[in-house]
Structure formats: structure tokens, C-alpha cells
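# Examining the three-dimensional arrangement
Spelled out from the first residue to the last, the chains are:
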Amino acid sequence: MLQHTFCHLYNIGAKKEQAFWEKNIITWQDLSDCITADTLKNKKPLYSYTEELANSIRHFADGNAAYFAERLKPGDAWRMFADFRHATAYVDIETTGLENPEITTISLYDGARIRYYVNGQNLDQFQDDITDYPLIVTYNGKTFDVPVIERFFNIKLAQAHIDLRYVLKSLGYAGGLKSCEKQLGISRGDLDGVDGFFAVLLWNFWRETGNTRALETLLAYNIEDVINLEKLMIMAFNQKIRDIPLPGLNLLPAPVSPASPFLPDPDIIARIKNTSRFQRF
């Protein structure tokens, strides 16, 4: 889909892109071959478009997803996915809360391998592992996960970024990650009702009691987030391309989700739920 995209170019929006497609201008090379003052009716010098198109072709060949991420609106970032799916990391963090948050756990899934990181154990390893991926997918990561990661580790994540919050909102799915999952028919089983606030309580419970089942339940929850991000990403991508009148755009098959290395403990979940307003253990 990315090679059929023109809305990352200067002053080209959805209507102009659609007009190109209707004229059978469907790739960057097509536009480059027929570029004229009439093709692009605006004040931008024609040589700049020629250069932009050449840059798009070159950066695509180089696998530079960040080039396109910088030029696409957040709601259009999904267009990168199919071409960079093989090098995508689904990322989600858990923290001590919303105010001056400290990262407690991070989960990273690349469609094949699950990695997880725990504060006080192996959290620093995330900084090295994330560099393996030119594209990351999050939910609300532009506002929360990425800024928290960058501040916590004092690093800059230079990867291209698809934030599914914007993509799903453009499809009419609003709310948090769990709400979008339910709207799209994804069930969490024993983790139903566990959310970010509950994740804070699981971490606190583990730190205060040393009960490893609480940490395992937290990791099960965190890992479920990244596994479901892949499902949501593919659902969103398929919904988007159904509305695009171009030949050769194929729906992506539903992913085969891996088994999580951790299972939630229903007794731990019930114990926390039964405490006084979830405030004490």
C-alpha cells in the first residue's frame, strides 16, 4: 500500500490522491513519469516533486520506514504496515501510575517472538532489543508509552511509529485499548476487567508480598496487550484497504497468536478486586 501512497507529498491530500488513482497513476514511478504543471496544480516547483518521488523510491528500497512516518499523518501511518510487517515490534509498557511514572514492565512482540522486561531484573535490555526494529506499533504510545520510555531511559526512539489509537479512531473505534478490543470481538478471558490501574495494583502487591503469581499475572496482562496489538493492526489494515479502489491490494490473514509464557492467576485477581476499593491488600 505504501508505494501507492501520495498523501505524504507536499500539498497532496486524499482527494488529489484519489484523482491520481482514477487516472491510473498508482505508484510513485507512475507519477514521476507523467509529472507536469497540470498534473500538480499548486505553487510548489515541479523539480521538488520529482525529488520527493525519487526520495520515496530510494527510502523505500532502503527500508527506511522513519522517512514515511515523518510525512504521514498519524491516521495514515497504517499504510506502512504491510511493507514493514516483517520488521515490526508491538510494544506496551506498564508503570507505577500516571504521575511521574516509573516503568514496571515492558512487553515486546514481533509476530514471532515474545520478549518481556521487568524493573529490577532485565529492564535495561529493552534499549538494545528495540533497535532491531524500524517500526513500532502501540496504542496511545505517542502520548504515553514512547514519551515515558524516552524519559525513563534517557534515549530517543527513532523508529517509525503506528499509534493504533489514531488509526482505529479514523475507523470509528474510540476509547481505550480494551474498549477497542471488545468492539472488534477480541476477548481477554481471565484477564477481562484487568486494566492499567489494576496493573499498578498487581505490581504493588508483588513488591509488598513477594508473591510471584502477582508478577506473572501482570506479565500475562502486559503480554496480552502486545499480542492483541497485532490482531488490531491487521484488522485495521484490512478495513482500510477494503475502501481503496486499487487492484492487487490483498487482505492480510488473521495472525496465529502465540501462547503466552504466563497465565493470569484468578485467585490473585479476585483477591485484589475484593480489597476495599482496590486500595489495600
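Sequence order as written defines the numbering, with residues in each chain counted from 1. The predicted origin of the model limits local features to residues at a pLDDT of at least 70 and limits the giving and counting of side-chain atom pairs to 80 or more, whereas totals for whole chains, interfaces and linings rest on all residues. Side-chain metrics rest on all non-hydrogen atoms present in the structure, leaving aside hydrogens and water.

### Considerations on the packing of aromatic side chains
Note the following rule: The aromatic pairing rule takes the rings of Phe, Tyr and Trp, using the six-membered ring of Trp, and pairs them if the centres are within 6.5 Å, calling planes under 30 degrees apart stacked, those over 60 edge-to-face and the rest tilted. Only protein chains enter the calculation, and the probe is 1.4 Å; a residue is then buried if its accessible area is under 20% of its type maximum, exposed if over 50%, and partly exposed in between. Any Lys NZ or Arg CZ that is within 6 Å of a ring centre and within 35 degrees of that ring's normal is treated as a charge sitting over the ring.
By the definition in use, this model includes 14 aromatic pairs. A ring pair is formed by Tyr 117 and Phe 126, whose centres lie 5.6 Å apart and whose planes are at 80°; its orientation type is edge-to-face. Of the two residues examined, Tyr 117 and Phe 126, each falls in the buried class. Each residue in the set Trp 28, Phe 60, Tyr 67, Phe 68 and Phe 84 is aromatic and connected to the rest through ring pairs, giving one cluster. Just above the ring of Tyr 67 sits the side chain of Arg 71; from NZ or CZ to the centre is 3.7 Å. Over the ring of Tyr 166 we find Arg 165; its NZ or CZ atom is 5.8 Å from the centre of that ring.

### Quick notes on the pattern of salt bridges
To be explicit about the condition: One speaks of a salt bridge when a side-chain nitrogen belonging to Lys or Arg is within 4 Å of a carboxyl oxygen belonging to Asp or Glu. We count a stretch as a helix when DSSP gives it H or I for four or more residues in a row; a strand needs E for two or more, and each element gets its number in order from the N terminus.
For the structure shown, the criterion picks out 12 salt bridges. Here Arg 85 and Glu 230 are joined by a salt bridge, their closest N and O atoms 3.7 Å apart. Note that Arg 85 is positioned in the loop between helix 5 (81–84) and strand 1 (88–95) and Glu 230 in helix 11 (residues 212–242), a separation of 145 residues in sequence. On the basis of relative accessibility, which here comes to 24%, the residue Arg 85 falls in the partly exposed class. Of the residues examined, Glu 230 reaches a relative accessible area of 3% and is grouped as buried. Among the ionic pairs, Arg 115 bridges to Asp 132, the shortest N-O distance being 3.6 Å. On the criterion of sequence distance, the pair formed by Arg 115 in strand 3 (residues 114–118) and Asp 132 in the loop between helix 6 (125–129) and strand 4 (135–138) is long-range, its members being 17 residues apart.

### Topic: the sheet that holds strand 1
Stated formally: Should DSSP find at least two bridges between two strands, the strands are taken to pair. In this description, a line fitted to the C-alpha atoms serves as the axis of each element, helices being fitted only across the stretch in contact, and the angle between N-to-C directions of two axes falls anywhere from 0 to 180 degrees. Contacts are assigned to residue pairs that have any heavy atoms within 4.5 Å of one another.
Spatially, five strands are ordered 3-2-1-4-5 in an open sheet, and the strand pairing comes out mixed. The open sheet terminates on both sides in strands that have one partner only, identified here as strand 3 and strand 5 (160–163). Neighbour-to-neighbour, the strand axes of the sheet open up by a mean angle of 25°, direction not taken into account. Two strands pair when backbone bridges link them, and strand 4 and strand 5 are joined in this way by four bridges, in the parallel orientation. Pairing of Ile 136 across the sheet is with His 161, part of strand 5. Seen against the sheet, helix 10 (residues 196–209) touches strand 1, strand 2 (103–109) and strand 3 and runs at an angle of roughly 65° to strand 1.

### Side note on the packing of helix 10 against helix 12 (residues 266–273)
Between two packed helices, both the angle of their axes relative to each other and the distance between the axes serve to describe the pair. To be explicit about the condition: Convention used here: angles under 35 degrees read as roughly parallel, angles over 145 as roughly antiparallel, angles from 65 to 115 as roughly perpendicular, and any remaining angle as oblique. When residue character is reported, Ala, Val, Leu, Ile, Met, Phe, Trp, Tyr, Cys and Pro are called nonpolar, Asp, Glu, Lys and Arg charged, and the others, Gly included, polar.
Packing of helix 10 against helix 12 brings their axes to within 11 Å, and their N-to-C directions diverge by 105°. It follows that helix 10 is roughly perpendicular to helix 12 by the angle criterion. Together, Phe 198, Leu 201, Leu 202 and Phe 205 of helix 10 and Ile 268, Ile 269, Arg 271, Ile 272 and Lys 273 of helix 12 make up the contact between the two elements. Considered class by class, the residues forming the contact of helix 10 with helix 12 number seven nonpolar, no polar and two charged.

### A closer look at the packing of helix 10 against helix 11
The cut-off we apply is this: For a crossing to be left-handed, the near helix must be turned anticlockwise from the far one by less than a right angle; the clockwise case is right-handed.
It is at 8 Å that the axes of helix 10 and helix 11 come closest, and there the two elements cross at 155°. It follows that helix 10 is roughly antiparallel to helix 11 by the angle criterion. Classified by chirality, the crossing of helix 11 by helix 10 is left-handed. The segment helix 10 lies against helix 11, with Gly 196, Ala 199, Leu 202, Trp 203, Phe 205 and Trp 206 engaging Thr 212, Ala 214, Leu 215, Thr 217, Leu 218 and Tyr 221.

### Some thoughts on helix 11
The α-helix advances 3.6 residues per turn, and as a result positions three or four apart in sequence lie on the same side. To keep things clear, this is the line we draw: Working rule for helices: expected span equals 1.5 Å times residues minus one.
Given a rise of 1.5 Å per residue, 31 residues ought to cover 45 Å, and the 45 Å separating the end C-alpha atoms of helix 11 matches this to within 8%. With 24 of 31 residues buried, helix 11 lies mostly within the body of the structure.

### Details of the nonpolar core
Taken as a class, soluble globular proteins show a tendency for nonpolar side chains to be buried jointly. The condition is simple: In these notes, a set of buried Ala, Val, Leu, Ile, Met, Phe, Trp, Tyr and Cys residues joined through side-chain atoms within 4.5 Å is what counts as a nonpolar core.
In terms of nonpolar packing, the biggest core is built from 73 residues, with Phe 6, Met 80, Ile 162, Leu 164, Leu 168 and Met 233 touching the most fellow members. Tallying contributions element by element places helix 11 first for this core, with 16 residues. Among residues more than four places away in sequence, those in contact with Met 80 are Leu 2, Ala 65, Phe 68, Ala 69, Leu 72, Leu 135, Ala 160, His 161 and Ile 162. Residues Leu 123, Phe 126, Tyr 133 and Val 148 belong to the second largest nonpolar core, which totals 18 residues.

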